Amino acid sequence: MDHFLYRDGALYAEDVPVSEIAASVGTPFYVYSTATLLRHFQLFDDALEGTEHLVCYAMKAASNQAILRTLAQAGAGMDVVSEGEYRRARAAGVPGEKIVFSGVGKTAQEIRTALSEGIRQFNVESEPEMEVINAVALDLGVVAPITVRVNPDVDAKTHAKIATGKSENKFGIPISRASEVYAHAASLPGLEVIGIDVHIGSQLTELEPFKLAYEKVAELTEQLRSEGHNIRRLDLGGGLGIPYTRSNEAPPLPVEYGKLIKDTLGHLGCEIEIEPGRLIAGNAGLLVSDVIYVKSGEGRDFLIVDAAMNDLIRPAMYEAHHDIVAVKEPAPGTEMQPYDIVGPVCESGDTFAKQRNMPPLKSGDLIAFRSAGAYGAVMSSEYNTRPLIPEVLVNGDQFAVIRPRPTFDEIINRDTIPEWL
Ligand SMILES: *Cc1c(COP(=O)(O)O)cnc(C)c1O
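The residue count restarts for each chain, going from 1 along the sequence in the order it is written. For a predicted model such as this one, the threshold for reporting local features is a pLDDT of at least 70, and the threshold for listing and counting side-chain atom pairs is 80 or more; totals across whole chains, interfaces and linings nevertheless cover every residue. For the side-chain quantities, the full set of heavy atoms in the structure was used; hydrogens and water were omitted.

Caption draft 1: Spatial organisation of the nonpolar core. The biggest cluster of nonpolar side chains holds 99 residues, and the ones touching the most others in it are Y57, M78, F122, Y214, L234, L236 and I341. Secondary structure follows DSSP: runs of H or I at least 4 residues long count as helices, runs of E at least 2 residues long count as strands, and numbering of each begins at the N terminus. Residue contributions to this core peak at 7 residues, all from helix α8 (residues 208-226). Counting contributing residues, this core receives three or more from each of domain 1 (4-31 + 282-412) and domain 2 (34-281). Contact criterion: two residues are considered in contact whenever any of their non-hydrogen atoms come within 4.5 Å of each other. The residues contacting Y57, other than those within four sequence positions of it, are A62, I67, L68, L71, G77, M78, D79, P276, G277, I280 and A281. Residues L11, A13, I21 and A22 belong to the second largest nonpolar core, which totals 18 residues. We define the nonpolar core as a collection of buried residues of types Ala, Val, Leu, Ile, Met, Phe, Trp, Tyr and Cys that are connected through side-chain atoms lying within 4.5 Å of one another. Only protein chains enter the accessibility calculation, which uses a 1.4 Å probe; a residue whose area is less than 20% of its type maximum is buried, one above 50% is exposed, and one in between is partly exposed. As annotated, the domain borders come from an automatic or database domain assignment.

This is how it looks when you write it as structure tokens:
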């Protein structure tokens, strides 16, 4: 459920007509709904009611400062995967004790920043990393709270590029080696082992893989406790999928996911952390674009729009589907026609959809890509020297630009010419 609905024949973002934002900021742009962001955060928070827990928003999904502050003010913690994200979380007002640091390649510098400025825990992904965290902690005279990310070897049944919980993936340590790795961690004086971390992938549309993984985590908790480790916190990762089409089967709801967590792990008395990204931000954002040309090809018509793969790379990278709608609501009974919807970038991969049924459109009409809030703006680039597009946040009947479009001069002047030129 989101807050992008037709009203009086036009698409609205909460109480603001999308066309009004387009007239004010120009196309293309991303627009996010505050109410949708908060609603999705609250669904997770409510799903874990009755259990000590923290919902740590995985900000890599959408990391604009205004989005982070919106969620931080609602009580969210943050899951970060780089020093840049750590600094974003702090700048948005999130205290160190609500920030967890994930990722397979944390550098000594990143670890130092987080340890000196405050961190809830590091989710450690390898033994070499464990040694570095230990060394930095000893150097700073502090003790680093850690969990070890275990790889439970379960099939997340999602797109190969976003599955992370099989033994062939680069993430975590094999669960079969956990005993040995935890013993090693416990022997390092700069570390305090507090829990277990697991994250098996993204855009999961069934609960079964989570169930298999969490059952293994429950077993491992008891085993590690019997080996003398004080396991008191379980970080269960993110990954719950969202409906990218309104027609297909709905993925499980946060409340069902919360029940599964309680059923599989509740008896252990651990504090629970989850790290949802996509489900909080995905359906809270639209990418709005303008039709530049309608081009008739052989046997097919192309809608050439002013957004491109550099603005939203998911279709090119993951063969992802986004529902695409006309901002002006088609009149009842309008006959749909198929279009290939493409951007202006010089690559055939710059195709958002093939033979997509749309109402008849013409140059100057606005379209909106739904479910574009997660892994949209954050993955954009300036390929083809196309400026990063603005991000806009709506809250009720107000809207604000939360990242402006750079000017061409700003882009060009970011480069520097060596003195020999
Ligand atoms: C990407 C990621 C998440 C968030 O995944 P979503 O599918 O966006 O919920 C959470 N935790 C870790 C460690 C991740 O890498």
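Caption draft 2: The arrangement of the site of the ligand in detail. Close to the ligand lie 15 residues, the nearest being K60, S202, E275, R278 and Y375. Distance and chemistry together define a polar contact, namely a pair of N or O atoms within 3.5 Å, with one atom able to donate a hydrogen and the other to accept it when in protein, and with adjacent residues in sequence counting only for side-chain atoms on both sides. K60 is positioned with one of its side-chain polar atoms (N or O) 2.8 Å from an oxygen atom of the ligand. E275 has a polar side-chain atom sitting 2.5 Å from a nitrogen atom of the ligand. Note on definitions: the grid is 1 Å and covers protein atoms alone; a cavity is a set of points where a 1.4 Å probe fits but cannot get out; a pocket is an open set with protein on both sides within 12 Å along at least five of seven lines; lining residues have an atom within 4 Å of a point. To qualify as sitting in a cavity or pocket, a molecule needs more than half of its atoms within 2 Å of the grid points. Its atoms largely coinciding with the cavity grid, the ligand occupies the largest pocket. Residue polarity is assigned by list, with Asp, Glu, Lys and Arg as charged and Ala, Val, Leu, Ile, Met, Phe, Trp, Tyr, Cys and Pro as nonpolar; anything else, Gly included, falls into the polar class. The class makeup of the residues in the shell around the ligand is 3 nonpolar, 7 polar and 5 charged. The criterion for a residue being near a molecule or strand is simple. One of its heavy atoms has to lie within 4 Å of it.

Caption draft 3: Up close: unusual backbone geometry. Of note, the amide linkage connecting T27 to P28 takes the cis form, showing an omega dihedral of -10 degrees. Positive phi, normally seen in glycine, also occurs at D8, with a value near 50 degrees.

Caption draft 4: Broad picture of empty space enclosed by the protein. Grid points are joined across faces, edges and corners, and a volume is the space filled by probe spheres set on the points. In this structure the tally under the stated criterion is 1 cavity of 30 Å³ or more. There is about 30 Å³ of room inside the largest cavity. Together, F44, G237, G238, G239, L240, Y257, I274, E275 and P276 line the largest cavity. Looking at side-chain class alone, the lining of the largest cavity contains 5 nonpolar, 3 polar and 1 charged residues.

Caption draft 5: Highlighting the state of the cysteines. Cysteine sulfur pairs qualify as disulfides if the two atoms are within 2.5 Å. What the rule picks out here adds up to 0 disulfides. Counting only cysteine sulfurs, C270 is the nearest neighbor of C56, a cysteine outside any disulfide, at a range of 15 Å.

Caption draft 6: Just the packing of helix α4 (residues 83-91) against helix α5 (residues 108-117), in detail. Simply put, an axis is a line fit to the C-alpha atoms, just over the touching stretch for a helix, and the angle between two N-to-C directions goes from 0 to 180 degrees. Two numbers describe how α4 lies on α5: the axes approach to 9 Å, and their chain directions differ by 20 degrees. Judged on the interaxial angle alone, α5 and α4 are roughly parallel. Every pair of crossing elements has a handedness; the one defined by α4 and α5 is left-handed. Here α4 contributes E83, Y86, R87 and R90 to the contact with α5, which in turn contributes Q109, E110, T113, A114 and E117. A per-class count over the contact of α4 with α5 returns 2 nonpolar, 2 polar and 5 charged. Relative orientations are named as follows: roughly parallel for angles under 35 degrees, roughly antiparallel for angles over 145 degrees, roughly perpendicular for angles from 65 to 115 degrees, and oblique for any other angle. Helix crossings get a hand from a simple test, with the near helix turned counterclockwise from the far one by less than a right angle marking a left-handed crossing and a clockwise turn marking a right-handed one.

Caption draft 7: Broad picture of the domain arrangement of the protein. Taken as a whole, the protein is organised into domain 1 (4-31 + 282-412) and domain 2 (34-281). Centre-to-centre, using C-alpha coordinates, domain 1 lies 32 Å away from domain 2. Counting residues at the interface gives 26 residues for domain 1 and 26 residues for domain 2. Summed over both partners, the accessible area lost on bringing two parts together, with a 1.4 Å probe, is the buried area. Summed over both partners, the interface of domain 1 with domain 2 buries about 2100 Å², with 52% contributed by carbon and sulfur atoms. Linking domain 1 with domain 2 are 13 residue pairs in polar contact (both at pLDDT 80 or more), by the criterion used here.

Caption draft 8: Spotlight on the pairing of strand β8 (residues 121-124). The alternating pattern of β8 places Q121 and N123 on one face and F122 and V124 on the opposite face, and all of these are buried. Two strands are said to pair when DSSP picks up at least two bridges between them. Where strand β7 (residues 99-101) meets β8, 2 bridges bridge the pair, whose relative direction is parallel. Bridge pairing links V100 to Q121 in β8. Look down the strands so they point away from you; if going from the first strand over the helix to the second traces a clockwise path, that crossover is right-handed. Between β7 and its parallel partner β8, the chain crosses via α5, and the hand of that crossover is right-handed. Direction of pairing for β8 relative to strand β9 (residues 144-151): parallel, over a ladder of 3 bridges. Note on β9: the bridge partner recorded for F122 is I146. Regarding topology, helix α6 (residues 127-140) serves as the crossover connection from β8 to the parallel β9, and that connection is right-handed.

Caption draft 9: Region of interest: a nonpolar patch on the surface. Residues qualify for a patch when their relative accessible area is over 30% and they have no salt bridge, like charges being joined within 9 Å and the nonpolar side chains of Val, Leu, Ile, Met, Phe, Trp and Tyr within 5 Å. Residue exposure ignores everything except the shown protein chains as possible cover, and the areas themselves are Shrake-Rupley values with a 1.4 Å probe. For salt bridges, the criterion is a side-chain nitrogen of Lys or Arg within 4 Å of an Asp or Glu carboxyl oxygen. On the surface, I417, W420 and L421 cluster together to form a nonpolar patch covering roughly 470 Å² of accessible area. Looking at where W420 falls in the secondary structure, it is placed in the segment after α12 (408-413).

Caption draft 10: Layout of the side chain of E275. With respect to the helices and strands, E275 occurs in the loop between β13 (271-274) and α10 (278-281). The side chain of E275 is buried and forms no salt bridge, while R149, the nearest opposite charge, is found at 6.7 Å. One polar contact links E275 to N123, side chain to side chain, over a distance of 3.3 Å. What E275 contacts, discounting residues up to four positions off in sequence, is C56, A58, D79, V100, S102, N123, D197, D235, G237 and G238. Under the convention used here, Asp and Glu are negative, Lys and Arg are positive, and both His and the chain ends fall outside the count.

Caption draft 11: Layout of the layout of surface pockets. Looking at the largest pocket, its volume works out to about 580 Å³. Lining the largest pocket are 31 residues, with K60, V81, T164, F171 and H199 sitting closest to its centre. Each residue belonging to the lining of the largest pocket can be placed in one class, and the counts come to 10 nonpolar, 10 polar and 11 charged. In terms of domain composition, the lining of the largest pocket takes at least three residues from each of domain 1 (4-31 + 282-412) and domain 2 (34-281).

Caption draft 12: Structural detail: the sheet that holds strand β1 (residues 4-7). In space, the 3 strands of this open sheet follow the order β1-β2-β3, with antiparallel pairing throughout. Every other strand in the sheet has two partners, leaving β1 and β3 (16-17) as the edge strands with one partner each. Bridge count between strand β2 (residues 10-13) and β3: 2 bridges; the pairing is antiparallel. Within β3, the residue paired with A13 across the bridge is V16.

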